[in-house]
Amino acid sequence: MAQSTLDAYRKVVGMTGALLPVVSFLGRLPVAMIQFGSVLLVTETSGSLATGGVVACALALGQVSAGPFVGRLADRHGQRTVVLVCSLGNAVAIAAYTLGALADLPTPGLVALGVVAGATIPGIGPLARARVVPLVRAKGGDDRAVGTVLSLESTMDELSFVLGPALVGLASVAGHPAYAFGAAALLVAGCGTAFALHPTGRTAKAAAAGPPRARGPRLPLPLPREVYVVRVGLVFLGVLLGACGAGITALTQELGRPGQAGLVYAAMGVMSAVVGLSMAALPERFGLLARWRAATAAAVLLSLPLVWTDSLVGLYVVVTFFGAIYAPNLITGFALTERAVPPQRLAEGMTFAASAFVGGQAVTLAVAGRIAESHGAGAAFALGSAAAAVAFVIALIARHEPRGAPARMPHEAAAEPRDPAAVTPDAGAPSGTGRPA
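All of the points below concern the structure found in this document.

About the cut-offs
- Residues numbered from 1 in each chain as written.
- Predicted model: local features only at pLDDT ≥ 70, side-chain atom pairs only at ≥ 80, totals over all residues.
- Heavy atoms only, no water.
- Helix = DSSP H or I, 4+ residues; strand = E, 2+ residues; numbered from the N terminus.
- Buried < 20%, exposed > 50% of the residue type's maximum accessible area, 1.4 Å probe, protein only.
- Contact = heavy atoms within 4.5 Å.
- Areas by Shrake-Rupley, 256 points an atom, 1.4 Å probe, with all protein chains shown as cover.
- Phe/Tyr/Trp six-rings, centres within 6.5 Å; stacked < 30°, edge-to-face > 60°.
- Lys NZ or Arg CZ within 6 Å of the ring centre and 35° of its normal.
- Axes fitted to C-alpha atoms, helices over the stretch in contact; angles between N-to-C directions.
- Parallel < 35°, antiparallel > 145°, perpendicular 65-115°, else oblique.
- Left-handed = near helix turned anticlockwise from the far one by under 90°.
- Salt bridge = Lys/Arg side-chain N within 4 Å of Asp/Glu carboxyl O.
- Polar contact = N/O pair within 3.5 Å; in protein donor to acceptor, adjacent residues only side chain to side chain.
- Nonpolar A, V, L, I, M, F, W, Y, C, P; charged D, E, K, R; others polar.
- Expected span 1.5 Å × (residues − 1).
- Patch = residues over 30% accessible without salt bridge, like charges linked within 9 Å, V, L, I, M, F, W, Y side chains within 5 Å.

What follows covers the overall build of the protein. Counting secondary structure elements, the protein contains 17 helices and 0 strands. Here the protein holds 437 residues, and 57% of them are scored as buried. A separation of at least 24 residues holds for 85% of the contacts in the protein among residues at least 6 apart in sequence. Summed over its atoms, the accessible surface of the protein is roughly 17100 Å², and 70% of this surface lies on carbon and sulfur atoms.

Next up on the list: the packing of aromatic side chains. What the rule picks out here adds up to 2 aromatic pairs. Measuring from centroid to centroid gives 5.5 Å for Phe-322 and Tyr-326, while their planes differ by 90°, and the two rings are edge-to-face. On the basis of relative accessibility, which here comes to 1%, the residue Phe-322 falls in the buried class. With relative accessibility at 3%, the residue Tyr-326 sits in the buried group. Lying across the ring of Phe-195, Arg-131 places its NZ or CZ 3.9 Å from the centre. Lying across the ring of Phe-352, Arg-231 places its NZ or CZ 4.0 Å from the centre.

A negative phi angle characterises most non-glycine residues, just as the trans form characterises most peptide bonds. With a phi close to 60°, Asp-104 is a non-glycine residue in the positive phi region. Residue placement: Asp-104 occurs in the loop between α4 (79-102) and α5 (107-119).

The N-to-C vectors of helix α10 (residues 225-254) and helix α14 (residues 326-340) enclose an angle of 160°; their axes lie 10 Å apart at closest approach. It follows that α10 is roughly antiparallel to α14 by the angle criterion. As for the relative orientation of α10 and α14, their crossing is left-handed in sense. The segment α10 lies against α14, with Glu-226, Val-227, Val-230, Leu-234, Leu-237, Leu-240 and Leu-241 engaging Tyr-326, Asn-329, Leu-330, Gly-333, Leu-336, Thr-337 and Ala-340.

Where charged atoms from two side chains of opposite charge approach closely, those side chains can pair. Tallying each qualifying case throughout the model produces 3 salt bridges. With a shortest N-O distance of 2.7 Å, Arg-28 and Glu-153 are connected by a salt bridge. Placement of Arg-28 in helix α2 (residues 19-46) and of Glu-153 in helix α7 (residues 143-174) is noted, with a sequence separation of 125 residues between them. The same class applies to Arg-28 and to Glu-153, which are both buried. Put simply, Glu-348 and Arg-345 hold a salt bridge, and the shortest N to O gap is 3.0 Å. Each member of the pair, Glu-348 as well as Arg-345, carries the same accessibility label: buried. Among the ionic contacts, a cluster of salt bridges with common partners joins Arg-72, Arg-345 and Glu-348.

The next subject is the side chain of Thr-200. Note that Thr-200 resides in helix α9 (residues 200-209). When its relative accessible area of 8% is taken as the criterion, Thr-200 is described as buried. Here Arg-131 takes part through its side chain, which lies 3.0 Å from a polar atom of the side chain of Thr-200. Within polar-contact distance, the side chain of Thr-200 engages the side chain of His-198 at 2.8 Å. With residues near it in sequence (within four places) discarded, Thr-200 still touches Thr-16, Leu-20, Arg-131 and Leu-135.

The next subject is the packing of α2 against helix α6 (residues 124-138). Here α2 crosses α6 at 155°, and the two axes come no closer than 9 Å. Comparing their axes, α6 and α2 come out roughly antiparallel. In this structure, α2 contributes Leu-20, Ser-24, Gly-27 and Arg-28 to the contact, and α6 contributes Ile-124, Gly-125, Ala-128, Arg-129, Arg-131 and Val-132. The class makeup of the residues in the contact of α2 with α6 is 4 nonpolar, 3 polar and 3 charged.

With that out of the way, let us pick up the environment of Gly-182. Take Gly-182: it is sitting in helix α8 (residues 178-197). On the basis of relative accessible area, Gly-182 is assigned to the partly exposed category, the value being 36%. Separated by 83 residues in sequence, Gly-182 and Leu-99 place their C-alpha atoms 9.9 Å apart.

To continue, consider helix α16 (residues 377-397). Helix length check: α16 (21 residues) gives 31 Å between terminal C-alpha atoms against 30 Å at 1.5 Å per residue, within 8%. For α16, the set of buried residues is Ala-377, Ala-380, Phe-381, Gly-384, Ser-385, Ala-387, Ala-388, Ala-391, Ile-394 and Ala-395.

On to a nonpolar patch on the surface. Nonpolar side chains collect at one region of the surface, where Leu-61, Val-363 and Val-367 lie side by side and expose about 220 Å² of accessible area between them. Relative to the assigned elements, Leu-61 resides in helix α3 (residues 49-77). Relative accessible area serves as the criterion here: at 34%, Leu-61 is assigned to the partly exposed category.

Moving on to the environment of Val-235. Relative to the helices and strands, Val-235 resides in helix α10. According to the relative accessible area criterion, Val-235 is partly exposed, its value standing at 30%. On a C-alpha basis, the gap between Val-235 and Gly-360 in space is 4.5 Å, while along the polypeptide they are 125 residues apart. Excluding residues that lie within four positions of it along the chain, Val-235 makes contacts with Ala-356, Phe-357 and Gly-360.

Following this line, the structure appears as C-alpha cells:
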C-alpha cells in the first residue's frame, strides 16, 4: 500500500515536473504567514486580541472578495500575467500593512491596509490545482491520478500552514512578528514570479480556453447545484478553523505563553499534512461523498475535547489529533469542485472554493476573538464545534450528480428523462465511475 502510494506521487510529479511543486509551495507560504500572523502582529502592536481579530478578518475578506475575480481573469487570459501582477502587488501591500501596524495606525487605517493585502493575494494554491489537474488529465491521468494531485496540493497547503504560523511564532519569540512579514513579502515577490513564469502557465491558458465556440455572446457556463452545496460546507469548515485559531490564541495568552500559539498551529498542521498524504491510498470504492461525510463527522468528534482543554500540554495533545480532520475535508471539497465545474471555469471554481473556506474563517476570526475575550477560549472552541456539526448536516443532505452536469433551466429539466443516478446518494461508488459532488 505504501509503495503504491509513493509510486502514485512519483507518477504525478513526473507529469508536472519537480520544480512546479517547489515554487507553488513557497509561493503560497506567505498567505499562511500573514493570515495567522496578522492576529499576532496587530495584537502585539495594539494590545487587543479583538482588534487583531478584526484586522485579520479584513485581510481575509479582501482575499475572499478578490479571489474569484482573480480566478475568472486567469480562466479568460491565462495565469501568467494575472499571477505576476498580483504577486508583485501583494509584496508591496504586505510591506505597507506591516509598516502601518508598527506605526500604530488607528484601526480603520489598519483595516484598509489589511483589505488591500488580502485582495492582492495571487491565489497560487487554487490556481496550482486549476493548472495541474488539466495537465495530468491531458497526459492520460485517470481519476485516481487527479485525486493524488489534489492530495499533494492540499498537503502543500497544510505544510504551508505548519511552517507559516511556526515562522511567525519563532519571529515573535525571537523579536517581533513583523520579521516574518518581511520574509513573506520577499517570498511572494520571488516565488510568485517564478510560478507565474513557469512553462505550465501556458498549458493552463490552453486548457481554460477549451474547444472553439460558435460566434455569439459569450455567456458564462452554468454551474450545477452541488457546487454551491460544497461551497457552503467549506464556509463552515472555515468557521471551524477560525474559531479554533481564536481559541488557540486566547488560551495561550490565558496561560501566559502567547508565543506558543504558532507552534500549536504547527503541531496541528503536521498531523493534517501526514493524513493528507495518506489520502492517496484510499480505495476508489470509498467515494467522495462518503469521504466528505466521514471527514465532517470526524471534525465534530475531534473538536469537542478542545472546549474543555485548559493546559498547554493538553492543548498540544488535543490539537495534534484534531489536525487529522483538515486535510481530508479540504481535499474532498476541492475534488468535489473539480468533478462538478466545467473545465473552462476550473480556476474560478477552485478560487471560489478556497474563498468560501477563507471567508468562513475571516468572519469567525473577528467574532470569535471578541467571544474569547469575554467568555474565554472554551467559548470560541464551542463555536467551532457547532460549525463542524452544521458542516456534517450539509454533507448528509448532499446528493450525487454526474460529472460536470450543468445547471439546467426548468424547461430543459422537464424535457429530459430523469436519471435515477443523479439523485442517488453516493454510498461508496468508485470515484472513477460514480462521480459524486
